[in-house]
Amino acid sequence: MADTSVIEISKKAVEGNIGFLREQLGGDVMITSVVKSNAYGHGMDAYVPLAEKAGIDHFSVFSACEARRLMKIKSPGTRIMIMGWLDDKDIEWAIMNEIEFFVFDILRLEKVISVYGDTGVPALVHIETETGMNRTGMNRQELRRAVDIILKNRRSVVLKGLCSHLAGAESIANHVRIQRQISRFLRLCKWFGEKGLVPEFRHVASSAGALTYPGARFDMVRMGILQYGYWPSAETFIQYIGRRKEKSDPLTRVISWKSRVMTIKKVKRGEFVSYGTIFLAQEDKKIAVIPVGYSHGYNRSLSNQGRVLINGQRVGVIGLVNMNMLIADVTQLPDVKTGDEVVLIGSQGELTISVASFSEFSNQLNYELLTRLPEAIPRQVVS
Ligand SMILES: *Cc1c(COP(=O)(O)O)cnc(C)c1O
């Protein structure tokens, strides 16, 4: 391979995960597949067609820029929702392209109304309500104004959704806060109904909320991390598995990350390896240099900590992770040679390195590690 590493995306894993989530949620709950941040590092181009084949026809992104990219990838009938950033001038673009988007303040709503004045095309809007997250979303007072504006301009807005975001459903420590958010949201739905405004979809849950709080599923869930085969937190997994007879993980990780041994060297006892003095060879060593470093998304905090798979064995990363290279201790591998496969994330033989174990070493969340995988690494779909 010409590139120093490759990221493999498993078609079978995508089908399995989406099938599992469908089964958990039942037929009445719409899944919007969240593919922001380059599909959590999986690569939008590789991931979106696979998700579509598995039955997804609604995707969510953070920004107009991501939506533009998704437009080129998705099938014609597939819908797009922008949950965050939209420049004023992109609002008209989104409306003209039938892209749904969140409206979380009056300024944006006024812009929508003014675009309608110019174009006569209504916006597909999800009104975001504040229920306790205190990030984006309109509070009671703002919602009252928003409702007035919508009622006065009934034609400019299609009320696609009424939504909110739960502030940490992946941890039981937030249980009271989450329950309060759900009740507030219910009251707001009722109040909208009384005003004659009934949204097509009510939604508040991301992965953790969708699995842990059936009462938070409403008409739609915004599914991110689970579809890629990762649990939002260990707690969410334990919660789920605690209710089952079958104790094995129903999800399969979609991503594998592979490289090759670039060269092999011997190091004498008493020598330091790589920059500085963080690794001292306490015996004669054989080392393998691997052409992946922190510029490729392999975190520096995995220096002297990380593990990789070579020749079906788990071996340690020694010394500092460099910009473009890392070094593994292969003293125990008699047959290792240049060009051998190195698994950074994924399986080789009997062994697996999960992003989770990877991030335990580096104190990074699955989310952060995945989304830091650079776009420049090629993605390859495997069956
Ligand atoms: C990222 C995001 C999600 C998906 O979160 P997961 O925990 O990955 O499922 C859902 N909703 C919003 C508003 C988001 O920003």
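All figures in this text were calculated on a predicted structure; none of them were measured in a lab.

1. Details of the overall build of the chain
Now for step 1: Per the secondary structure count, the chain includes 12 helices and 18 strands.
Now for step 2: Each of the three principal axes of the chain carries a C-alpha extent, and together these read 80 × 45 × 40 Å.
Now for step 3: When each of the 383 residues of the chain is scored for burial, the buried share is 54%.
Now for step 4: Contacts in the chain between residues far apart in sequence, at least 24 positions, make up 66% of those at least 6 positions apart.
Now for step 5: When the accessible surface of the chain is split by element, carbon and sulfur atoms take 50% of a total near 17,400 Å².
Now for step 6: If you average the places of the 49 positive and of the 40 negative side-chain charges in the chain, the two averages end up 3 Å apart.

2. What to know about the pattern of salt bridges
Now for step 1: Using the criterion set out here, one finds 16 salt bridges in the structure.
Now for step 2: Of the charged contacts in the structure, one is a salt bridge between Lys285 and Glu283, with a shortest N-O distance of 2.9 Å.

3. Section: the sheet that holds strand β2 (residues 30–34)
Now for step 1: Taken together, eight strands build an open sheet; the order of strands is β8-β7-β6-β5-β4-β3-β2-β9 and the sheet is parallel. The outermost strands of the open sheet, each flanked by one partner alone, are β8 (201–203) and β9 (220–223). Neighbouring strand axes in the sheet, compared pairwise and without regard to direction, differ in orientation by 30° on average.
Now for step 2: In this sheet, strand β3 (residues 58–61) lies alongside β2 in parallel orientation, the contact comprising two bridges. Each bridged residue has a counterpart across the sheet, and for Ser33 the counterpart in β3 is Phe59.
Now for step 3: Against the sheet, helix α6 (residues 106–119) touches β5 (100–103), β6 (123–128) and β7 (157–163), its axis set at about 135° to β5.

4. Side note on a positive patch on the surface
Now for step 1: A cluster of basic residues, Arg140, Arg144, Arg180, Arg184, Arg187 and Lys195, forms a positive patch at the surface.
Now for step 2: Elements with a contribution of two residues or more to the positive patch: α7 (140–152) and α8 (175–194).
Now for step 3: Considering each element in turn, the positive patch owes the most residues, three residues, to α8.
Now for step 4: The residue Arg187 is located in helix α8 in this model.
Now for step 5: Taking the relative accessible area as the measure of exposure, Arg187 reaches 51% and is therefore exposed.

5. Section: the site of the ligand
Now for step 1: The full set of residues close to the ligand is Val34, Lys36, Tyr40, Met83, His165, Ser206, Ser207, Arg222, Gly224, Ile225 and Tyr367.
Now for step 2: Here Gly224 contributes a backbone N or O atom positioned 2.9 Å from an oxygen atom of the ligand.

6. Section: the domain arrangement of the chain
Now for step 1: Partitioning the chain into domains gives domain 1 (11–242) and domain 2 (255–353).
Now for step 2: Centre-to-centre separation of domain 1 and domain 2, based on C-alpha positions: 41 Å.

7. So, the nonpolar core
Now for step 1: Counting 116 residues, the largest nonpolar core has Val35, Phe101, Ile127, Tyr298, Val308 and Ile310 as the members making the most contacts within it.
Now for step 2: Residues from two domains meet in this core; each of domain 1 (11–242) and domain 2 (255–353) gives at least three.
Now for step 3: Membership of the second largest hydrophobic core comes to eight residues, among which are Phe279, Ala281, Ile287 and Ile327.

8. Focus: the pairing of strand β13 (residues 307–310)
Sheet faces and side chains relate simply in a regular strand, where the side chains alternate between the two faces.
Now for step 1: Sheet analysis places β13 next to strand β14 (residues 313–318), joined by four bridges and oriented antiparallel. Paired with Val308 across the two strands is Val315, which belongs to β14.
Now for step 2: Linking β13 back to β14 in an antiparallel pair, the connection comprises two residues, with Asn311 at a positive phi of about 50°.
Now for step 3: Direction of pairing for β13 relative to strand β16 (residues 341–348): antiparallel, over a ladder of two bridges. Each bridged residue has a counterpart across the sheet, and for Leu309 the counterpart in β16 is Val343.

9. Here's the deal with the packing of aromatic side chains
Now for step 1: For the coordinates displayed, the defined rule picks out nine aromatic pairs.
Now for step 2: Between the aromatic rings of Trp191 and Phe192, the centroid separation amounts to 5.6 Å while the plane-to-plane angle is 80°, which identifies the pairing as edge-to-face. For the pair formed by Trp191 and Phe192, the shared burial category is buried.
Now for step 3: Clustering of aromatic rings is evident, with ring pairs tying together Phe20, Trp231, Phe237 and Tyr240.
Now for step 4: Between the NZ or CZ atom of Arg68 and the centre of the ring of Trp93, over which it lies, the distance is 4.2 Å.
Now for step 5: Over the aromatic face of Trp191 sits the side chain of Arg140, whose NZ or CZ is 5.1 Å from the ring centroid.

10. Details of helix α1 (residues 11–25)
Now for step 1: Taking 1.5 Å of rise per residue, the 15 residues of α1 would be expected to cover 21 Å, and the 21 Å separating its terminal C-alpha atoms lies within 8% of that figure.
Now for step 2: Inspection of α1 places Ala13, Val14, Asn17, Ile18, Phe20, Leu21, Gln24 and Leu25 among the buried residues, and these make up the whole buried set. Across the axial projection of α1, the buried residues extend over an arc of 155°, all falling on one side. In α1, the exposed residues that point more than 90 degrees away from the buried face are Lys12 and Glu23.
Now for step 3: For α1, the secondary structure elements touched by its buried residues are β1 (5–10), β2, α3 (44–53), α9 (207–212), β9 and α10 (234–242).

Quick notes on the rules
Residues numbered from 1 in each chain as written. Predicted model: local features only at pLDDT ≥ 70, side-chain atom pairs only at ≥ 80, totals over all residues. Heavy atoms only, no water. Helix = DSSP H or I, 4+ residues; strand = E, 2+ residues; numbered from the N terminus. Buried < 20%, exposed > 50% of the residue type's maximum accessible area, 1.4 Å probe, protein only. Contact = heavy atoms within 4.5 Å. Areas by Shrake-Rupley, 256 points an atom, 1.4 Å probe, with all protein chains shown as cover. Lys, Arg positive; Asp, Glu negative; His and termini not counted. Charge placed at Lys NZ, Arg CZ, Asp CG, Glu CD. Salt bridge = Lys/Arg side-chain N within 4 Å of Asp/Glu carboxyl O. Pairing = 2+ DSSP bridges. Axes fitted to C-alpha atoms, helices over the stretch in contact; angles between N-to-C directions. Patch = residues over 30% accessible without salt bridge, like charges linked within 9 Å, V, L, I, M, F, W, Y side chains within 5 Å. Near = heavy atom within 4 Å. Polar contact = N/O pair within 3.5 Å; in protein donor to acceptor, adjacent residues only side chain to side chain. Domains from an automatic or database assignment. Core = buried A, V, L, I, M, F, W, Y, C linked by side-chain atoms within 4.5 Å. Phe/Tyr/Trp six-rings, centres within 6.5 Å; stacked < 30°, edge-to-face > 60°. Lys NZ or Arg CZ within 6 Å of the ring centre and 35° of its normal. Expected span 1.5 Å × (residues − 1). Arc of directions from axis to C-beta.

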